[in-house]
Amino acid sequence: MSDETNGAQTGSTEHYAIGISFGNSYSSIAHISGEGKVEVIANEEGDRQIPSILSYIDGEEYHGTQAKSQLVRNSKNTIAYFRDFVGKDYKSIDPTPCHASAHPLESDGQIVFSVQEKEDEEQSKIPVSEVTTRHLRRLQNSAGDFTGKTVNAAVVAIPTDTNEEQKIALTKAAANIKVEILQFIPEPIAALLAYDSRSEAAATADKTVIVADFGGTRSDVAVIASRGGMYSILATAHDYELGGAQLDQVLADHFAKEFEKKHKSDPRKNERSLAKLKLESEAVKKTLSQSTSATFSVESLADGVDFRSTINRSRYEIIALKTFGRFARLVEEVIKKADLDVLDIDEVILSGGSSHTPKIAKNIEALFPETTQVLAPATTPSALNPSELSARGAALQASLIQEFDKEDIDQSTHEMVTVTPHLTAAIGYQFTGQSADAFTVIIPPATAVPARRTQVIEGLQGDVLIRITEGEREIKVTKEEAKAKPETNGTKEDDDEDDDEDDDDDDEPEEIREKIWKPKQPLAELVFKALKKGSKVEVMVNVDADMSLSITARPVKGQGGIRGEIKAKPTAQNGSA
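Position numbers for residues count from 1 along each chain, tracking the sequence in the order it is written. Reporting of local features is limited, given that this is a predicted model, to residues whose pLDDT is at least 70; pairs of side-chain atoms are given and counted only at 80 or more, and all residues count toward the totals for whole chains, interfaces and linings. The basis for every side-chain value is the complete set of heavy atoms in the structure, and neither hydrogens nor water enter the calculation.

### Focus: the overall build of the chain
In plain terms, the rule: Secondary structure elements are taken from DSSP: a helix is a run of H or I of four residues or more, a strand is a run of E of two residues or more, and numbering for both begins at the N terminus. It only takes one pair of heavy atoms within 4.5 Å for two residues to be counted as in contact. Accessible areas in this description were obtained via Shrake-Rupley with a 1.4 Å probe; residue shielding takes into account the shown protein chains only.
The secondary structure content of the chain amounts to 16 helices and 27 strands. Across the chain, every contact between residues at least 6 apart in sequence was considered, and the portion connecting residues at least 24 apart equals 66%. For the chain, the computed accessible surface area is about 29,900 Å², with 45% contributed by carbon and sulfur atoms.

Written as structure tokens, this is what we have:
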């Protein structure tokens, strides 16, 4: 009997899964190519960043960039910014982003959009669930046309605050086009996975990472503990009124005022003129991310007047100063929520379309010490495209699990599995000859258990005591001595107050902050006798799922060893592994 017949009888279907990043402003799709590399898929128009927009003209449905262009001429029949409405109650949504497109309405308890989708017919009320299905169908078709395969499964990247009702609604919308959602993956985890997949060492390294997703209409930031290839979200922060749209508005206001000054008319008072103003402002913003200057040019912006102007990056950064500051403050907020310090952060990954903006990346970089790597195009030449990270990570996850049965996937992502106990304190060691405050970390805090780490202690001699302890991180602050002022001949009686203030500032000693580890709670003591000069001892610490601790230590290239066990202590729960 053929494999096809067997498959038909058992009801099983071979999965071909892609990764989908379904954004409120833009969506993207990705798959694993025949060479085993992640490839972001372009749609029929060549766009890898596909506007999450649908528009209806004379019975025809337009999608993506073609639909976005209709925001000027056909805004009432153009549906945009609907992702965050999926699976929600009408009373809980903020319709503000839809001001320049079809407005969400309430009908029989559902969120709907009223558009004329067919020629010479009355307005149709399309539920947001159906809009989502239609959008996903266009993404499915683009992926199928590109790969030549039938796409019937997907891993979807979603914000960390997506609730169960929204997941169920997205699952149903995908099922309507016979696409099975194998798994939902948090967007920050997908972004981190996209980077870690480039290097096996990066994937297994113990590090604390911030993923800052600056999108079109909202911003989401997460702190992630990456421990031996397992990811735990420690804290998140969200700003639903901060994104690329706010930067577009800053530029739109700038050019509107310039137009009004020259032509005594405000283009923001006319809906069509305002739509043109915003679309061109977005294009200028994107150009300024790549170049130091950009040209704003719109035919018949208002009152039949063509308008052309230029702006350089420096001017843009001045007029958008407050908005840029909000991005940095959101990152500071999430560090505080995680009860961490900037010195605890090993990497910062900037994700989302707005992360292309150099000023945002430079502001974020200024928050952290030089030891923290900020991965963004403006700070790291080897950085991946921030707009593609979520889709890339979702595609990687899809390639890993598409061969599994749905039941197995559900079991592996159940809370009983993914919400794991974790260490609240570091585990490390001290040894003979070190100061009382010396402490070397073996297993860092926020490590999900079970966990095992091995470390070799070098340069030992004679009788050696190795103490295994819990440890805690402290931030040590010291002040540099103020530099002596150069001597001057005489005094200047006409020095102004500003100079005096500058002199006072120069007198202030600079603070130096450093992260140090200190021993806290002793756990075990290991004694080795008469070690030869230059001996090495290998220490292995194993923490079981119930938080019980086992320790093994043995001389490298020597005989004998020491073993011990410590019973479990109270546990703490942590994040999504």
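### Concerning unusual backbone geometry
Quick note on the threshold: Remark: exposure states derive from per-residue accessible area (1.4 Å probe, protein chains only) relative to the maximum for the residue type, with buried under 20%, exposed over 50%, and partly exposed in between.
That bond from Val449 to Pro450 is cis: its omega, 5°, falls within 30 degrees of zero. On the secondary structure map, Pro450 appears in the loop between strand S22 (440-443) and strand S23 (451-479). Despite not being glycine, Tyr81 has its phi angle at roughly 55°, a positive value. Its place among the elements puts Tyr81 in the loop between strand S7 (78-80) and strand S8 (104-107). In this structure Tyr81 comes out as partly exposed when scored by relative accessible area, which is 25%. Positive phi, close to 55°, is recorded for Asp303, a residue that is not glycine. Residue position: Asp303 is located in the loop between strand S16 (293-302) and strand S17 (305-312).

### A short note on the nonpolar core
As a reminder, the rule being used: Buried residues of nine kinds, namely Ala, Val, Leu, Ile, Met, Phe, Trp, Tyr and Cys, make up a nonpolar core once their side-chain atoms join them within 4.5 Å.
Judged by nonpolar contacts, the single largest core of 45 residues is most densely connected at Ile210, Phe214, Val331 and Ile364. Of all hydrophobic cores here, the second largest spans 37 residues; its members include Ile50, Phe85, Leu139 and Ala154.

### Structural notes on the pattern of salt bridges
Rule in force here: In what follows, salt bridge is the name for a side-chain nitrogen of Lys or Arg lying within 4 Å of a carboxyl oxygen of Asp or Glu.
Inspection of every chain in the model, using the stated rule, returns 26 salt bridges. With a shortest N-O distance of 3.5 Å, Glu388 and Arg392 are connected by a salt bridge. Accessibility classification places Glu388 together with Arg392 in one group, the buried group. Each of Arg83, Asp84, Asp161, Glu187, Arg218 and Asp220 takes part in one network of salt bridges that share partners.

### A word on helix H6 (residues 187-196)
The element H6 is extensively covered by neighbouring structure, given that ten of its ten residues are classed as buried. Those residues of H6 that sit buried are Glu187, Pro188, Ile189, Ala190, Ala191, Leu192, Leu193, Ala194, Tyr195 and Asp196.

### Observations regarding the packing of aromatic side chains
Counted only if it meets this: By convention, a stacked pair of Phe, Tyr or Trp rings (six-membered ring in the case of Trp) has centres within 6.5 Å and planes under 30 degrees apart, an edge-to-face pair has planes over 60 apart, and any other such pair is tilted.
Tallied over the entire structure, the rule returns nine aromatic pairs. Look at Phe259 and Phe307: their rings are 5.3 Å apart centre to centre, the planes differ by 85°, and that puts the pair in the edge-to-face class. Of this pair, Phe259 sits in helix H8 (residues 244-263) while Phe307 sits in strand S17, placing them 48 residues apart in sequence. For the pair Phe259 and Phe307, a shared accessibility class is recorded, and that class is buried. In textbook terms, an aromatic cluster arises when at least three aromatic residues are bridged by ring pairs, as seen for Phe255, Phe259, Phe296 and Phe307.

### Section: the sheet that holds S23
Spelled out, the test is: Strands were regarded as paired on the criterion that DSSP finds at least two bridges between them. Fitted lines through C-alpha atoms serve as axes, helices being fitted only where they are in contact, and the angles separating the N-to-C directions of these axes extend from 0 to 180 degrees.
In spatial order, the strands read S22-S21-S23-S24-S25-S26; together these six strands make up an open sheet with antiparallel pairing. Where the open sheet ends on each side, the last strands, each with one partner, are S22 and strand S26 (562-566). On average, each strand axis in the sheet is inclined to that of its neighbour by 35°, with strand direction left out of account. One ladder, built from seven bridges, connects strand S24 (residues 511-543) with strand S25 (residues 549-555); its direction is antiparallel. The residue of S25 that forms the bridge with Asn542 is Ser550.

### Thoughts on the side chain of Thr379
As a reminder of what qualifies: Here a polar contact is recorded for every N or O atom pair within 3.5 Å, except that within protein the pair must consist of a potential hydrogen donor and a potential acceptor, and residues adjacent in sequence are included only if both atoms are side-chain atoms.
Considering the arrangement of structural elements, one finds Thr379 in the loop between strand S19 (373-375) and helix H13 (389-401). Thr379 gets classed as buried once you look at its relative accessible area, which sits at 19%. Within the structure, the side chain of Thr379 is placed 2.6 Å from the backbone oxygen of Val374, a separation counted as a polar contact. Sequence-distant contacts of Thr379, that is, excluding residues within four places in its chain, are made with Ala361, Glu365 and Val374.

### Examining the sheet that holds S8
Two orientations exist for strands paired in a sheet by backbone hydrogen bonds: parallel and antiparallel. The antiparallel open sheet is built from three strands, whose spatial order is S8-S9-S10. Of all the strands in the sheet, the pair left with one neighbour each is S8 and strand S10 (124-127). If you compare each strand with its neighbour and ignore which way they point, the axes differ by 50° on average. Note: S8 against strand S9 (residues 110-115), four bridges, orientation antiparallel. Within the sheet, the bridge partner assigned to Ser107 lies in S9 and is Gln110. Each of S9 and S10 touches helix H4 (residues 128-147); the most contacted strand, S10, lies at about 75° to it.

### Focus on the pairing of strand S15 (residues 230-239)
Burial analysis of S15 places seven of its ten residues in the buried class, which makes it a mostly covered element. Sheet topology places strand S14 (residues 219-227) next to S15; nine bridges connect them, and they run antiparallel. Along S15, the bridge assignment pairs Val223 with Ala235. In this antiparallel pair of consecutive strands, S14 and S15, the connection spans two residues, and Gly228 shows a positive phi of 60°.

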